[in-house]
Amino acid sequence: MDKYNSKTTFQKWFSAINFEELSEKAKNWIYQFDSYSKKLDFTTAIKILLHAVYEELPSYREIDRAFMDRRLCEEIGIDSLCYSSLSRKTTEISQEVLMEIFTQLARKVSEQRPSSKTTSLQLVDSTTIPLNKRQFPWATFRKTKAGIKLHLNLCYLDKDNQYPENFTITNAEEHDRNHFECLVDKTEATYVVDRGYFDYQLLDRLHYDGYFFVTRTKSNTTITVLEQIELANRKTTDGQIISDQHVILGGGNNHVTERFRLVTVLTKGQRLLRIVTNRFDVSPNEIADMYQARWQIELFFKHLKQNLTIKQLYSRSEQGAINQVILTLIATLLTYLIKIELNSAATLFQLKRSFHYLRFESAEIWLKRHTPG
């Protein structure tokens with residue numbers, strides 16, 4: 001690993017972002033941003049903010065205080081920081097440019113870890129970040145509470161490998177269903193969602209357009225059984241298969257769907273799950289496992305909220321708040337690219353924790369710590 005000797009851990013982590021690969025529009029915007037900046041150019045501001053969200057610094061003032069550490073000053077390339085200047089710059093950063101950086105990193109991941117219908121799942125869900133209504137009046141939610149909502153597509157490769165592939169951010173009052181189709185862009189991919197997205201017409205449209213889905217039915221779903229499939233193996237990783245059926249959904253005054261498949265599972269916790277899908281090419285046990293994989297997106301949201309600065313927003317402006325959420329996802333992809341490079345079984349949290357102690361040391365030390373064998 002001699003190639004890492006010239007870089008610190010922070011430099012190695014940040015180096016996956018290639019500003020030269022951005023679009024001409026993005027590069028022109030960065031040029032204009034830098035033209036009006038004497039000290040906090042775009043690259044410097046991004047380095048500071050990524051360091052802040054990854055190190056869980058709770059406010060602009062704490063980010064300012066962090067520069068009492070001369071090693072951080074040397075790493076970023078500035079002698080000191082004024083928190084008010086950083087606050088102003090954060091709200092001025094273009095969301096389009098940040099989204100380009102996120103997309104660039106997600107593309108690098110997908111090139112190194114290709115996904116397909118048979119090797120991956122697309123887990124779609126949302127999480128709400130509650131906010132103070134007085135401080136964030138633009139983030140409409142409830143009468144007494146504000147909030148924003150992150151709608152996310154998490155690409156699931158296996159139990160040790162998942163990464164954010166696409167997302168949108170809205171006010172928390174927005175219904176998940178309204179933004180689902182913004183996250184669906186891979187034909188023949190299998191999208192796994194909870195029953196909050198369940199809709200007869202949506203399932204038919206996904207089916208007609210060449211997408212596969214796995215989801216739960218609602219308690220009041222009208223089901224007509226067309227065929228009962230004999231079970232060869234009832235065991236699953238989390239319970240047993242009760243039935244495997246071909247069905248149509250809806251009836252009466254409701255839309256009637258195409259022929260789908262309904263797999264009923266009794267979990268070890270004695271919960272009855274009715275899982276509907278248009279995947280007829282796999283076993284009912286695999287269908288059950290696909291739906292159980294949905295839990296990984298909940299764990300990912302937990303990681304974002306507990307291990308990165310996403311619940312404490314630095315800026316009260318809409319632009320600044322959304323920029324911070326995008327930066328946390330960029331930081332996650334930067335770490336996942338290190339995980340891929342090392343082919344390591346270490347979790348994102350484990351890599352992050354060692355980063356905290358070694359970020360100013362040679363990258364070789366950090367990488368050796370997580371190299372297999």
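Not measured: the values here are computed from a predicted model.

Peer 1: Can you explain the side chain of Thr-257? Please cite residues and give values.
Peer 2: Topologically, Thr-257 is positioned in the loop between β8 (239–249) and β9 (260–267). Given a relative accessible area of 7%, Thr-257 falls into the buried group. At a separation of 2.9 Å, a polar atom in the side chain of Thr-257 contacts the main-chain amide nitrogen of Leu-249. Aside from chain neighbours lying at most four places away, what touches Thr-257 is Tyr-200, Asp-204, Ile-248 and Leu-249.

Peer 1: How would you sum up helix α2 (residues 24–35)? Please name residues and give values.
Peer 2: Over its 12 residues, α2 runs 16 Å from end to end, which matches the ideal 16 Å to within 8%, given 1.5 Å per residue. Taken together, the buried positions of α2 are occupied by Ala-26, Ile-30 and Phe-33. All buried residues of α2 project into a common sector of 60° when viewed along the axis, lining one side. Across from the buried face of α2, at angles greater than 90 degrees, the exposed residues are Glu-24, Lys-25 and Tyr-31.

Peer 1: Outline the pattern of salt bridges, listing residues and values.
Peer 2: On inspection of all chains with the given rule, the structure shows 22 salt bridges. Close ionic contact of Arg-359 with Glu-55 constitutes a salt bridge, the shortest N to O distance being 3.3 Å. One end of the pair, Arg-359, is in the loop between α12 (348–358) and α13 (363–369); the other, Glu-55, is in the loop between α3 (42–54) and α4 (60–66), with 304 residues separating them in the sequence. Since its relative accessible area comes to 12%, Arg-359 is described here as buried. For Glu-364, the salt bridge goes to Lys-368, with nearest N and O atoms at 3.6 Å. Taken together, the positions of Glu-364 and Lys-368, both in helix α13 and four residues apart, correspond to about one turn of that helix. If you follow the salt bridges from partner to partner, you end up with Asp-125, Asp-194, Arg-216, Arg-294 and Glu-298 in one network.

Peer 1: I'd love a proper account of α12, names of residues and values included.
Peer 2: Taken residue by residue, α12 has Leu-348, Leu-351, Lys-352, Ser-354, Phe-355 and Leu-358 as its buried positions. Those residues of α12 that are buried are in contact with α1 (9–14), α3, α10 (295–307), α11 (318–342) and α13.

Peer 1: Outline unusual backbone geometry, supporting the account with residue identities and numerical values.
Peer 2: The backbone of Glu-56 shows a phi angle near 60°, a positive value even though the residue is not glycine. Relative to the elements of secondary structure, Glu-56 occurs in the loop between α3 and α4. Here Glu-56 falls in the partly exposed class, since its relative accessible area comes to 28%. Its identity is not glycine, yet Asn-343 carries a phi of approximately 50°, on the positive side. Mapping Asn-343 onto the fold places it in the loop between α11 and α12. Assessed through its relative accessible area of 56%, Asn-343 is described here as exposed.

Peer 1: Please give an account of the packing of aromatic side chains that cites residues and values.
Peer 2: Under the criterion given, the structure shown has 20 aromatic pairs. Consider the rings of Tyr-191 and Tyr-211, whose centres lie 6.0 Å apart with planes at 75°: the pair is edge-to-face. Residue Tyr-191 is found in strand β4 (residues 190–192), and its partner Tyr-211 is found in the loop between α8 (200–208) and β5 (212–216); the two are separated by 20 residues along the sequence. Using a relative accessible area of 14% as the deciding quantity, one classes Tyr-211 as buried. Taken together through their ring pairs, the aromatic side chains of Phe-10, Trp-13, Phe-14, Phe-19, Trp-29, Phe-33, Phe-42, Tyr-54, Phe-355 and Trp-366 make up a single cluster. Note that Arg-279 overlies the ring of Phe-212, its terminal NZ or CZ placed 5.6 Å from the centroid. The residue whose ring lies beneath Lys-352 is Tyr-54, and the NZ or CZ to ring-centre distance is 5.5 Å.

Conventions and cut-offs
Residues numbered from 1 in each chain as written. Predicted model: local features only at pLDDT ≥ 70, side-chain atom pairs only at ≥ 80, totals over all residues. Heavy atoms only, no water. Helix = DSSP H or I, 4+ residues; strand = E, 2+ residues; numbered from the N terminus. Buried < 20%, exposed > 50% of the residue type's maximum accessible area, 1.4 Å probe, protein only. Polar contact = N/O pair within 3.5 Å; in protein donor to acceptor, adjacent residues only side chain to side chain. Contact = heavy atoms within 4.5 Å. Expected span 1.5 Å × (residues − 1). Arc of directions from axis to C-beta. Salt bridge = Lys/Arg side-chain N within 4 Å of Asp/Glu carboxyl O. Phe/Tyr/Trp six-rings, centres within 6.5 Å; stacked < 30°, edge-to-face > 60°. Lys NZ or Arg CZ within 6 Å of the ring centre and 35° of its normal.

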